[in-house]
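These are the residues of each chain, in order.
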Amino acid sequence: MTLNSIGLNENKAKDLANDLNNLLANFQVYYQNLRGVHWNIRGKRFFDLRVKFEELYTDANMKVDAIAERILTLGSTPLHTFDDYAKVAKVPVGKNVSEDEKSVKLVVDSLTELLNIERAILHKSDELNDEGTNAMMSDLITEQEKTVWMFKAWLGESV
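Residues numbered from 1 in each chain as written. Predicted model: local features only at pLDDT ≥ 70, side-chain atom pairs only at ≥ 80, totals over all residues. Heavy atoms only, no water.

(A) The arrangement of the side chain of Gln28 in detail. Relative to the elements of secondary structure, Gln28 occurs in helix H1 (residues 10–40). The exposure class assigned to Gln28 is buried, which follows from its relative accessible area of 17%. (Helix = DSSP H or I, 4+ residues; strand = E, 2+ residues; numbered from the N terminus. Buried < 20%, exposed > 50% of the residue type's maximum accessible area, 1.4 Å probe, protein only.)

Structure below.
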């Protein structure tokens, strides 16, 4: 077994980096969804949701960078073209979404898909004893679960 410079099995780290590239692609679609609903929101909840969506896309932009840097740390190259993202992303694409409830549902659906991907990565990184990726996934999951809960409460739905 060959270890990389951070002490992880080189082949397993590359496999994990591929999973992180999948997460990166999905996060980029999520980010674009947030930009779209921020720009296009209409109605009586315009002011509140516009501010919240901006908060979320600013945060998502920082997370995209952190995920890409983790991929580099594991010795791989992050995906960086929209063509690459479109080939692998499963997050729903929100086009011309401007209604408040549809916007919030798009965010919830996007986060639900991200959580599924992150949980799978967390399981794999735990088996690899990759604390750096573990910590990142744990932080993402904790924060996104809370956001889903809050938006579901806003929608009047249960988690």
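(B) The packing of aromatic side chains, seen in detail. For the structure shown, the criterion picks out four aromatic pairs. On the basis of an interplanar angle of 90° and a centroid distance of 6.2 Å, the ring pair of Tyr31 and Tyr57 is categorised as edge-to-face. Note that Tyr31 is positioned in helix H1 and Tyr57 in helix H2 (residues 46–73), a separation of 26 residues in sequence. Of the two residues examined, Tyr31 and Tyr57, each falls in the buried class. Seen in terms of ring centroids, Phe46 and Phe47 are 5.1 Å apart; in terms of plane orientation they differ by 85°. Their pairing is edge-to-face. Overall, the relative accessible area of 24% leaves Phe46 in the partly exposed class. Of the residues examined, Phe47 reaches a relative accessible area of 65% and is grouped as exposed. Lying across the ring of Tyr57, Arg35 places its NZ or CZ 4.0 Å from the centre. (Phe/Tyr/Trp six-rings, centres within 6.5 Å; stacked < 30°, edge-to-face > 60°. Lys NZ or Arg CZ within 6 Å of the ring centre and 35° of its normal.)

(C) Quick look at unusual backbone geometry. Positive phi is not limited to glycine here, since Asn96 has a value of about 55°. Within the fold, Asn96 resides in the loop between helix H3 (82–88) and helix H4 (100–127).

(D) Structural view of the packing of H1 against helix H5 (residues 131–155). Contact geometry of H1 with H5 gives a least axis separation of 13 Å together with a crossing angle of 30°. In this view, H1 runs roughly parallel relative to H5, as classed from their interaxial angle. H1 and H5 meet at a crossing whose hand is left-handed. Between H1 and H5, the contacting residues are Leu16, Leu20, Leu23 and Phe27 on the first element and Thr133, Met137, Leu140 and Gln144 on the second. Considered class by class, the residues forming the contact of H1 with H5 number six nonpolar, two polar and no charged. (Axes fitted to C-alpha atoms, helices over the stretch in contact; angles between N-to-C directions. Parallel < 35°, antiparallel > 145°, perpendicular 65-115°, else oblique. Left-handed = near helix turned anticlockwise from the far one by under 90°. Contact = heavy atoms within 4.5 Å. Nonpolar A, V, L, I, M, F, W, Y, C, P; charged D, E, K, R; others polar.)

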